[in-house]
Every structure is written in C-alpha cells, then in structure tokens.
Amino acid sequence: MMLALEMYRSPAKYLAAKAVGGRIPGVLTGPAAPLRLVTINEPKAERAGWARIRPILSGICGSDLGMVTGSTKLYFSAVVSMPFVPGHEVVGELLDDCEDLPKGTRVVLDSVLTCAARGVEPCEGCVTGNTNRCDRITVGHVAPGLQTGFCQDTGGGWGNLLVAHRSQLYAVPETLSNDRAVLVEPLAGAVHAALRAKVEPGQSVLVSGAGAVGLFATLALRELTQAGRITVVAKHAKQRELARAFGASDVVAPDEVFRGVRRSTGAFRLKPDFGAGEFLLGGVDVAVDAVGSKDSIDTVLRVTKAGGRVVLSGMPASGADLSPVWFRELEVTGTYASAREEPNGRPAFETALELAGRAPLDGIVGARYPLYRWREALDHAHSAGRLGTVKVAFDVRAS
C-alpha cells in the first residue's frame, strides 16, 4: 500500500470547480476539489522494460491546476483513465534494475506513454521520433492515458511510488541537484517549443507570460536559437527579474504590450470601432503564448506581423478571436510535451538536462510541501506569480 493524492471522477465537483473558476483558490482545494489523499495499492511493474520508481520531488504544473480548477477541456477526458495519481514532473529513484539502468539510479521521466511503453506496433509519430504525437495512447496493456500522471495503471509523482517504462527514463548526472532535476520535464517542453518556433537569425520574438512555461521558453529561445530581440510579458516583479536573467531583451507589463511592440518594431497601431481590441500592422516575427488564456492568445495574434508565426505553448482557452489568423495569414503552431527526436536531432530531455546543469535555476523551486499539505501546496501554486514563486513541488519523501 502507498500514500497518494488521487484524482477521481466527480461531475458535481467538476461543475462546481468550473463555476468558481480560478477566483477562490481555497474553495478549489477544499470542497470543490475532485482530489483526495488516500492509501491505495502500489502499481505493479510486471512486464519487461518496466520498473518501480520512488519519487523524490514532483512539480505542480499548470495542467495539474487545470484539472483541479475545472478549466481543463472535456476534450481530454477520452485520453485519461480515472482514478489516477497526478504528477508528471518527476525526479525519483529506481527501485529495480531497468535494462541498462541499475537499481538506485536517479531518473527523470518523459511522461508521454508511447507505443514502446504500451507494447504495441509503433505509430507514425513514434517511428519518426515525434513521440509526443503518439496515436496509441489509449491502447495496449496500459490503461488509457496521454501521460504518466493521467493514467490509472502507472501511478504518478504525487504518490509514494510509480511505474515507468525504460523508454521514458533518463539518468540524472550526479552533479545535478534534485531541485534542478525536477525542472527537466518542463525544460524539455520549452526546448520543444523553442525549436518548433523556427526562429530565424535576428528575428524578433514576443513571449506572453512569465510563469514557468514562459520563463523556460525564454531561456530555451535564447540558448538554442539566434533570436534577436526577445520581449517578455510579465505581470510581477520577480517574473520581470527572472525574464531578464533568462535572456529577455525587454520586459513589458500586460497593459504595455502593444505600445512596447509598436515602439520596438515600428508597427502601426490601430483601434477598431465599438470597443473591439486594438491590433498592429507589422509587429514581431514570432510570438509564443505561454499562458493559454483568451486575453493572452488574443494579444499574441494581434501583435504578430503578417505571415508571422504564433506558437501556442499554454493549454488554450476558448473564445480567442481568430480574425488576425485569417487577415494576416498567420501560421499557428501548437507545442505539446517534447519529442525523442527534435529538429536538432536530439531528444529534448538530453538538451534539457544540459540546460538544467548550467542555467541560472537556483531558487526556481520556491516551495516544497509534503503530500499531506496538498491544499496549501495547490493554493501556493495557484498564486505562485503573485507570491514570487516559479515552481512549487511536492517533497514526496517527507510524506
């Protein structure tokens, strides 16, 4: 048996959380939360290539908060299996030998449950190395689940034990601290986003949002591309400070975006009639939305120049105005998780491990909580930007 936080199906609580939205965090982690601390059976590693892992630290991601707040779209209900233990940003210790990785190895987890993990013939995505596009995430000997942390059979990082397949695991160098290692999964997502952005040398880039997704995207863009000016939209003082440390040329507040981009690119600023949102003729070459809100998506679409590229890295909300996509012939690109073979010919996790070792990441994990303090942890994560925190994690060993 093990202690774990478990997400369970409750239509009533889902609707309650959705109605409250993100306005009252205490309610969302209290009576409206379809999450509970339970003692359950440990998942089993009964097939070749699978092993047990004891999590050390497990991060709280925006997608995890989306589940609790009811903001995650029902679109995803077909690719999870409930009840499940959340947690896909994990550094842990192998409890079994796993092919070439000996027992006791510290590992990080590429959470996507691909054809290799499911024991089925590889789909086109897996054959080409685009493992994040796997078409087999609901079949095979593993219950449906797009990732570890959304699958009933595997467990997740918000529990005392999970199981994973060798194809998901990367050994952590001895020199890398646990606080840095737990950031490797979101860093890998940022590597994927930066390379998907296809920034040409000298091009201007806007990153909307300076939470973990936006800050890591800024870091990856500066480290892995030859971007020129990178402008980051940041709401809070600590976010502004970190954006500059991670490579931003300019940092603007949300209400300064149009003015800042117009000034730096020489664009024309237009204001439609009847209160419709303003937009630019001209603008940045590439924009990255790292928030997913309607306002953020509307903003990046309206400040990107004709023929430019918009990259959606935050889980998108509904209601964005797509008029600029049509009128300005924008190229809209999605980024989900990370791939085993990125455009640079390497797994995103390998590049992310290198970034984790040399980037200025001290203090990025700003708070650690045992599982039994999960309500405080989620409240903190929900208000992380305002509180000057980038990443909140569960210290599973303390649970």
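Bear in mind the structure is a predicted one, so any value in this text is a computation, not a measurement.

Visitor: What am I meant to see in the packing of aromatic side chains here?
Guide: Given two aromatic rings, their pairing is described by the distance between the two centres and the angle made by the two planes. On inspection of all chains with the given rule, the structure shows 4 aromatic pairs. A cation over an aromatic ring shows up here: Arg36 above the ring of Tyr8, its NZ or CZ 4.0 Å from the ring centre.

Visitor: Hey, could you run me through the side chain of Gln239 in this one?
Guide: Relative to the helices and strands, Gln239 resides in helix 9 (residues 237-245). Relative accessible area serves as the criterion here: at 13%, Gln239 is assigned to the buried category. Sequence-distant contacts of Gln239, that is, excluding residues within four places in its chain, are made with Ala210, Gly211, Leu215, Ala234 and Gly385.

Visitor: It is not clear to me how the UniProt feature "domain: Alcohol dehydrogenase-like N-terminal" (unreviewed entry) in the protein chain should be interpreted in this structure. Could you clarify?
Guide: Mapped onto the present numbering, the UniProt feature "domain: Alcohol dehydrogenase-like N-terminal" (unreviewed entry) falls on residues 48-174. Here residues 48-174 is 13% helix and 20% strand, with 27 Å between the C-alpha atoms at its ends.

Visitor: I tried to follow the nonpolar core on my own but got confused; where do I start?
Guide: Among soluble globular proteins, nonpolar side chains are generally buried collectively. Of all hydrophobic cores here, the largest spans 52 residues; its most connected members are Val108, Val205, Phe216, Leu221 and Leu361. Shared between two domains, this core takes at least three residues from each, and those domains are domain 1 (2-172 + 363-398) and domain 2 (190-336). Contacts of Val205, omitting those with residues within four sequence positions, involve Val199, Leu221, Ala227, Arg229, Ile230, Thr231, Val284, Val286 and Val288. One finds Ile40, Leu113, Ala143 and Cys151 within the second-largest nonpolar core, a separate group that totals 43 residues.

Visitor: Explain the domain arrangement of the protein chain to me, please; I cannot follow it from the model alone.
Guide: Assigned domains within the protein chain: domain 1 (2-172 + 363-398) and domain 2 (190-336). Placing the centre of domain 1 and that of domain 2 at their C-alpha centroids yields a distance of 29 Å. Facing the 15 residues of domain 1 at the interface are 15 residues of domain 2. Put simply, domain 1 and domain 2 have 0 salt bridges between them. One can count 3 residue pairs in polar contact (both at pLDDT 80 or more) joining domain 1 with domain 2.

Rules behind the numbers
Residues numbered from 1 in each chain as written. Predicted model: local features only at pLDDT ≥ 70, side-chain atom pairs only at ≥ 80, totals over all residues. Heavy atoms only, no water. Phe/Tyr/Trp six-rings, centres within 6.5 Å; stacked < 30°, edge-to-face > 60°. Lys NZ or Arg CZ within 6 Å of the ring centre and 35° of its normal. Helix = DSSP H or I, 4+ residues; strand = E, 2+ residues; numbered from the N terminus. Buried < 20%, exposed > 50% of the residue type's maximum accessible area, 1.4 Å probe, protein only. Contact = heavy atoms within 4.5 Å. UniProt positions renumbered as here; feature names shortened; annotations may be inferred. Core = buried A, V, L, I, M, F, W, Y, C linked by side-chain atoms within 4.5 Å. Domains from an automatic or database assignment. Salt bridge = Lys/Arg side-chain N within 4 Å of Asp/Glu carboxyl O. Polar contact = N/O pair within 3.5 Å; in protein donor to acceptor, adjacent residues only side chain to side chain.

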